[in-house]
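The residues making up each chain are set out below.
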Amino acid sequence: MSHFIIHVGEAEDSFPCKGEQTVLHALASIHHKQIRAGCHGGGCGVCRIRILKGDFVVGCMSRDHVNNEDEASGITLACRTWPRSHLVIQPMDKLPVRLTRRFSLLQIIPDDRVNSSRDEDVEAWRS
Amino acid sequence: MAVMRLGHVRLNVLSIEEALTHYTDILGLIETSRDPDGTVYLKGWDEWDKYSVILAPSDRAGVQHIAFKVEKDAELDAYRKRIESYGLEVEEREANALPFCGRSLFLRLPSGHECFLYAEKQFVGKSVGTLNPDPWPDGLKGAGAHWLDHVMLMCEVDPARGTNKVAENVDFFGKVLDFGLAEQVVAGPQGEIQAAAWMFCTTTPHDIAFGAGPRAGLHHISFFLEDWSDILKTADLLAKHRVKVDVTPQRHGITRGATTYFFDPSGNRNETFAGLGYLSQKDMPTITWNEENLWRGIFYHTGDIIGDFLGVYT
């Protein structure tokens, strides 16, 4: 059983992921603050990440969220991505930020999973 | 003249094999037909028409169209006139354009979702038949879902731009298709934004629901189970098969239904729903939930704010 290390961005943030585990599944246990979990089936697109370094395989993903161009540039969904080496990944922009920007019914959720460096964008928009 | 019920939904799935296993082995729907391209037609054991769910292979998830069954073929002509005079485009499609169905009307709802009206669909019959039937058939798989109960669509709402497709759909379904408005959520400082709505053509609190989001999509399709113990047992089954459960068994304030939410293998949200809720009639006053009580309406026991429940959809 292969055991890989996933590094998130340039930070020292990292977590282990087995070869038969999806990146999202490995993340779920640590509630990573910058990557959201959604449908776990490649359909909703909230767990978009970019793979900066390393080998991986992907399963079916909705082209609404990862088109061919995205895929070629290393964008994938964490729920449909299995590592084949250590990986360096980068979280992509997150749905709650876009949602709160456009629709005030959905308040910022008091959950550290969805706080991000982009929360200042939301604050700026709300004020 | 009346829309009788939600006749079917056509779902896009990323893997037909995985989807079929999910909808037959776990939900207990029954395969009734299959196209050469892999498209599969399914029904619940308690339904009598050929299908209520179409699974279509696709490179994206979500709903391709929804379809309502009207009572008589001649009504399609009347609905066509009504839709046109309301100001929406409508096309008549010949018989079998919707597989196993008579002629149909095709339109795009104000929210952009594709919708059909049809009057005839091939009859198959309930699994228990109609002569001295048993209450349930042998050989059911999984949850043994009775029927497709309702669908919830996400509709674009952006107060800053004055866009509210929830309200536009409600207006259309009320004025043109004679649906009743059972419940609504209102938001904004004066409660001026209709942010969600539950509408009916049968006697249950909803046959279709609309929720507000940044883009059009599918929030969930829901299947009827008899009671709370079926809801609980189905949740056991989901756990046993490692299906991604979104919301564990509980009660909605809105519609009073008992519920469990989970995702199919393509990420389309499913619900198993039990209970009548209450008797809905056209003269019943609409129930309103304000923004502060939105989450109590959705998750009645805890009232927890679970933003992903509205933010994650296909």
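For the structure, check the block above.
Read on for an overview of the structure. (Residues numbered from 1 in each chain as written. Chains lettered and ligands numbered in written order. Predicted model: local features only at pLDDT ≥ 70, side-chain atom pairs only at ≥ 80, totals over all residues. Heavy atoms only, no water.)

Digging into the pattern of salt bridges
Residue and element names in this part refer to chain B.
And then number 1: Counting across every chain of the model gives 23 salt bridges over all chains.
And then number 2: Between aspartate 77 and arginine 103 there is a salt bridge, and its shortest N-O distance comes to 3.0 Å. Linking aspartate 77 in helix α2 (residues 75–86) with arginine 103 in the loop between β6 (90–93) and β7 (104–108), this pair joins segments that are 26 residues apart in sequence.
And then number 3: Residue classification places aspartate 77 among the partly exposed positions, given a relative accessible area of 35%.
And then number 4: The partner of arginine 161 in a salt bridge is aspartate 158, with the nearest N and O atoms 3.1 Å apart.
And then number 5: Through salt bridges with shared partners, a single ionic network connects Asp73, Asp77, Arg80, Glu84, Glu92 and Arg103. (Salt bridge = Lys/Arg side-chain N within 4 Å of Asp/Glu carboxyl O. Helix = DSSP H or I, 4+ residues; strand = E, 2+ residues; numbered from the N terminus. Buried < 20%, exposed > 50% of the residue type's maximum accessible area, 1.4 Å probe, protein only.)

Things to note about the pairing of strand β12 (residues 193–200) of chain B
All names here are of chain B.
And then number 1: Buried residues dominate β12, accounting for eight of its eight residues.
And then number 2: Sheet topology note: the strand β11 (residues 180–187)/β12 ladder contains seven bridges and is antiparallel. Across the sheet, the residue bridging to alanine 187 is isoleucine 193, located in β12.
And then number 3: The antiparallel hairpin formed by β11 and β12 contains five residues in its connecting segment, where glycine 188 sits at a positive phi of about 90 degrees.
And then number 4: As paired elements, β12 and strand β13 (residues 208–213) share four bridges and run antiparallel to each other. Note that in β13 the partner of alanine 197 across the bridge is phenylalanine 210. (Pairing = 2+ DSSP bridges.)

What about the sheet that holds strand β8 (residues 114–118) of chain B?
All names here are of chain B.
And then number 1: If you trace the eight strands from one edge of the open sheet to the other, you get β2-β3-β4-β1-β5-β8-β7-β6, paired in mixed fashion. Two strands close off the open sheet at either side, each with one partner strand: β2 (30–34) and β6. Each adjacent strand pair in this sheet contributes to an overall mean axis angle of 25 degrees, direction not counted.
And then number 2: Relative to strand β4 (residues 53–57), helix α1 (residues 16–26) is tilted by about 160 degrees, and along the sheet it contacts β1 (3–13), β2, β3 (40–43) and β4. (Axes fitted to C-alpha atoms, helices over the stretch in contact; angles between N-to-C directions. Contact = heavy atoms within 4.5 Å.)

What about empty space enclosed by the protein?
Residue and element names in this part refer to chain B.
And then number 1: Throughout the structure, instances matching the rule amount to four cavities of 30 Å³ or more.
And then number 2: Of the voids in this model, the largest cavity is the one considered here, and its volume is about 200 Å³.
And then number 3: Around the largest cavity, the lining comprises 22 residues; the ones closest to its centre are Met152, Trp198, Ile254, Ile298 and Phe309.
And then number 4: For the lining of the largest cavity, the secondary structure elements donating two or more residues are β9 (147–158), β12, β13, β17 (269–274), α5 (294–298) and α6 (307–311).
And then number 5: Here the residues of the lining of the largest cavity sort into 14 nonpolar, seven polar and one charged. (1 Å grid on protein atoms, 1.4 Å probe; cavity = no way out; pocket = protein on both sides within 12 Å on 5 of 7 lines; lining within 4 Å. Points joined across faces, edges and corners; volume = space filled by probe spheres on them. Nonpolar A, V, L, I, M, F, W, Y, C, P; charged D, E, K, R; others polar.)

Digging into the sheet that holds strand β7 (residues 87–91) of chain A
Residue and element names in this part refer to chain A.
And then number 1: Spatially, five strands are ordered β2-β1-β7-β3-β5 in an open sheet, and the strand pairing comes out mixed. Each edge of the open sheet carries a strand with a single partner, namely β2 (14–18) and β5 (75–77). This sheet shows a mean twist of 40 degrees between the axes of neighbouring strands, independent of strand direction.
And then number 2: As paired elements, strand β3 (residues 48–53) and β5 share three bridges and run antiparallel to each other. The partner of arginine 48 across the bridge, within β5, is leucine 77.

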